[in-house]
Structures are given as structure tokens and as C-alpha cells.
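Remarks on the overall topology
So you can see what is in the structure, the chains are spelled out below.
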Amino acid sequence: MTSDDEWRPAPGPEHDPGSDGRRDDTDHEHNQRVGGRLRGLLDQPIRVVLAAVVIGALVAGAAVWAIGGFDDAGSVGGTGIGESERLVQNAFTQSVAGDCLDWPAGRPGSPEKITCEDKHRFEVAGKLDTKLLPGSEFGEAAPYPGPVRFESIRNEQCPVIVDDYLAGKLDPQGRFSVGIMYPPKDQWDKGARELRCGIQQTGPDRFPEQFAGRVADQDQSFQWVPGTCVGIDENRKPTYPVNCTEKHAFQTTGIVDLAPRFGDRVSGKPWPGAAAQNTFLQSVCPVQTERFLGGKDKLEKTTLNVQWSVISEVSWLAGSRKVVCYVGLPDRGGFATLVGDARSTLLINGKVPVPPPAAPPGRALPTAVPMPPGIAPNPAEEPAPAG
């Protein structure tokens, strides 16, 4: 439980989810929104290779992948704060833009400055000048603002500081997010007014995860090792990585770097568009998935679809180049609930999947194709009246 003598980051709102990958290149403006939830994968027939956009925050269905996604339990504090009457100085209060801070898991009261090439939990983007804030809110006799107000300050002030620090290269749909660190009431009462805006990668437990390297120097795409299972919420939307024995929306089967095909982050090449990415990935992800599962026959026995994410234009401009191949099954505007590893024992909505019968020799099972525009099948399946 967090005490009142710890420096704290503010909890935050949810990431933008993105949109359905079947849309054409003219739909990229929708993908640039920040806010809202991951849209369901709709109208997709079972057992065919499908393109599915899961832009940036695949896990945006839960509040864990959030801008500044800390709760009070993820506070950052200084050793000895509250144990004396003096104002304590530590690695946080002495930090400047470009510093990287870390602390032991479960011990946020012990931050230290380390080199950014080593694993750390917070990259400082800059000091927030409290003179920019309204009136005497940060005056000597001002009452403690509290977590909700600090959260508002983060939303109002920190994106500008982070944007300037990264020269506009933060992927709003990627794995990093904006946060703020602020003093506890104990130190506020002694005169502490230090605020720092920065960047972190938030884990499924809402604690900042360790990552290595400066954010500006790396690909910000969400990436999971093949075999990772991503959870599912009550609305059948993806959440965050879980053990595959728990309920989940899909299982990853590989990571694809789009840089060799469409240009790396320093190439200056324009965004290729969702359609071009889908054309490329529909020949790559099925191969990766069959290799991951142990062959085409094993893939077919799962009855799952091969799907993948694509990169939106705003993410492309920030330098993100990696996408994820995965297997899942669309269900009622979201995903079916999977339990188990797709390579072994798998349940879909609580049932063992039943693959379709094998085709007769010399024949292939037909795959439904879209009807021409303006033509729809007769839902009653009744013959037309005689002439």
C-alpha cells in the first residue's frame, strides 16, 4: 500500500485503438484519432486469411495501456522522504531532460539515475514550469492539489513537453505513453513543487515496465514474442498479455518488420497505406503462422483465422515499422474467447474446435467471396415465383 511520503505519477486515460484493417488508404484520418476503443473485427467469414488492423494499442480495451498509466501503487518516491523535517533531494528532484530513472520492482521509493541504454522505468522529457499554471496554485501556502488535479496537469501540459523532447516522434498508438511525476503531500507541505513530464511503458499490472534505450532511438510498435496470448474483456475486446491458460482474444504467431519492404524509419519514404501492407502481409503471416503451429493441417484444425496488424500513418511518421501476426476468431463485433495454447489444447467459447470435413479427392472446399455491389442473397432461400 502506498504511503503519503512517495513521489507519484498520475494515472491516465486510455490509448487510441485504431480501426478495421479492411478500410482503404483514404481512411487513415480515422486511424489518427487519440481516444476511443479497439473496433471489433466485423463480417469476417471463418477459416480464411483475413486482414485485421490492430493499430498501436491492441490492448486498449482495458485501462492498462494508458497515457501515464500509473495508479497510486506505481508511485515513485525518494528514500527517506517523510522521515525528516527537511525537503529531500533525490534522483527525481535532480533530474533533467534526457535522464532515465529506475527503481526496484515494488519499491518505487528508491529511484536512481542510470544510463538510458540500461533497463529503466521512466525517461524524463523535461521539467514543468509551475509558473505556467493558474494563479497561486503552486504558491508557498497553496493547498495540495491531489492526484486528480495532477492528472489534469499532465493532460494539459506534458504532451507539449514530450512532443518537443521527441521532435514530434511519439507514436500515440504505440507502446510508450506520456506521464507526470509529482511530489507527495508530505514533501509538498515542506515546499516541494517539482514536476517532471516523461515517457514510460506501462505493464498489465499498471506499473511502469522496464525497457532499454531512449524512446527516440527505437521502434515504438507493440511487439510480443510468438506465442503470447493477449487477454479479452467483457466486451470481447483485447486487453493485455496473459497466461494462455487464461481467457484471451488471440495468440501471436510472429513479428514482421515492414522496413525492408517499405523503408526504414530514416528512409523518408511515405506511408505505404493499409491496402499495400495488407497485400504484403497476406503472403507473410500465413507462412509464419503455419510454421509457428507446426504446419497447415494443424492451423486448419484450430479453426482460427490468420490475422495481422498494420501501421497507421501517424505511427509510420513516428518511426514505427513492426506489425504482429496472430490467430483469433471474430465473434459478435469482437473476438471469440480462447483458452489454451493454439499449439496444443484449445477451447473456443468453451468448446473444443471442430474442423470441417476434408474435401473429396481432387476438390477444394469452396471459399465464399463477396457478392457484387447491389446484390444480396435471398435470406429466406425461397425460389422466385413462376412467370
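Heads up: these notes are all about the structure in this document. The structure presented is a predicted model; accordingly, all values stated were derived computationally and were not measured.

Regarding its fold elements, the protein chain presents 8 helices and 16 strands. Across the protein chain, contacts joining residues at least 24 apart in sequence account for 70% of those joining residues at least 6 apart. A total accessible area of about 18300 Å² is found for the protein chain, and carbon and sulfur atoms account for 53% of it.

Note on placement: Ser-221 falls in the loop between strand E7 (208-209) and strand E8 (229-232). Within the structure, the side chain of Ser-221 is placed 3.2 Å from the backbone nitrogen of Lys-322, a separation counted as a polar contact.

With that out of the way, let us pick up the environment of Pro-272. Structurally, Pro-272 is set in the loop between helix H4 (259-262) and helix H5 (274-281). Note: C-alpha distance between Pro-272 and Glu-313 (41 residues apart in sequence) is 8.3 Å.

Turning to the side chain of Asp-219, a few remarks are in order. For Asp-219, the location among the structural elements is in the loop between E7 and E8. It turns out Asp-219 is buried and unbridged, and the closest side chain with the opposite charge, Lys-322, is 5.6 Å from it. A distance of 3.5 Å separates a polar side-chain atom of Asp-219 from the backbone nitrogen of Lys-322. Here Asp-219 is in contact with Arg-175, Gly-319, Ser-320, Arg-321 and Lys-322, once residues within four sequence places are set aside.

Glancing now at the state of the cysteines. Counting across every chain of the model gives 4 disulfides. Put simply, Cys-229 and Cys-244 are joined by a disulfide, and their sulfur atoms are 2.0 Å apart. Residues Cys-229 and Cys-244 are joined through a disulfide that is right-handed, its torsion about the S-S bond being 95 degrees. One end of the pair, Cys-229, is in strand E8; the other, Cys-244, is in the loop between strand E9 (238-242) and strand E10 (248-257), with 15 residues separating them in the sequence.

What follows deals with unusual backbone geometry. At Arg-236, a position not held by glycine, the phi torsion is positive, near 65 degrees. Relative to the assigned elements, Arg-236 resides in the loop between E8 and E9. A relative accessible area of 24% places Arg-236 in the partly exposed class. The phi dihedral of Thr-303 is positive, around 60 degrees, even though this residue is not glycine. Summarising the element assignment, Thr-303 is placed in the loop between helix H7 (296-302) and strand E11 (305-308).

To continue, consider the pattern of salt bridges. Summed over all chains, the structure comprises 10 salt bridges. Across the pair Lys-185 and Asp-189 runs a salt bridge, and its minimum N-O distance is 3.0 Å. The structure contains a network of salt bridges with shared partners spanning Lys-127, Glu-194 and Arg-196.

On to helix H2 (residues 147-165), then. Since the α-helix turns once every 3.6 residues, residues separated by three or four places project in the same direction. The largest bend in H2 is about 45 degrees, located at Gln-157, with the proline Pro-159 one to four residues further on. Along H2, the residues classified as buried are Arg-149, Phe-150, Ile-153, Arg-154, Cys-158, Ile-161 and Val-162. Looking at the buried residues of H2, the elements they touch are strand E4 (122-127), strand E5 (177-182), helix H3 (185-188) and strand E6 (196-202). The positive-phi residue at the C-terminal boundary of H2 is Ala-167, with phi of around 55 degrees.

This paragraph deals with the environment of Leu-166. Along the chain, Leu-166 turns up in the loop between H2 and E5. Note: C-alpha distance between Leu-166 and Ala-125 (41 residues apart in sequence) is 8.1 Å. Here Leu-166 is in contact with Ile-199, Val-215 and Ala-216, once residues within four sequence places are set aside.

With that settled, consider the packing of aromatic side chains. Taken as a whole, this structure holds 12 aromatic pairs when the rule is applied. Between Phe-150 and Tyr-182 the ring centres are 4.0 Å apart and the planes differ by 15 degrees, which places this aromatic pair in the stacked class. Within this pair, whereas Phe-150 is found in helix H2, its partner Tyr-182 is found in strand E5, the two being separated by 32 residues in sequence. Like Phe-150, the residue Tyr-182 is buried in the burial classification. Taken together, the aromatic side chains of Phe-138, Tyr-144, Phe-150, Tyr-182 and Trp-188 make up a single cluster linked through ring pairs. When the ring centre of Phe-92 is taken as reference, the NZ or CZ atom of Arg-196 above it lies at 5.6 Å. Lying over the aromatic face of Trp-316, Arg-321 brings its terminal NZ or CZ to 3.4 Å of the ring centre.

Thresholds applied
Residues numbered from 1 in each chain as written. Predicted model: local features only at pLDDT ≥ 70, side-chain atom pairs only at ≥ 80, totals over all residues. Heavy atoms only, no water. Helix = DSSP H or I, 4+ residues; strand = E, 2+ residues; numbered from the N terminus. Contact = heavy atoms within 4.5 Å. Areas by Shrake-Rupley, 256 points an atom, 1.4 Å probe, with all protein chains shown as cover. Polar contact = N/O pair within 3.5 Å; in protein donor to acceptor, adjacent residues only side chain to side chain. Buried < 20%, exposed > 50% of the residue type's maximum accessible area, 1.4 Å probe, protein only. Lys, Arg positive; Asp, Glu negative; His and termini not counted. Salt bridge = Lys/Arg side-chain N within 4 Å of Asp/Glu carboxyl O. Disulfide = S-S within 2.5 Å. Bend = angle between axes of the 7 residues up to and from the residue. Phe/Tyr/Trp six-rings, centres within 6.5 Å; stacked < 30°, edge-to-face > 60°. Lys NZ or Arg CZ within 6 Å of the ring centre and 35° of its normal.

Taken by themselves, the reported measurements are silent on function.
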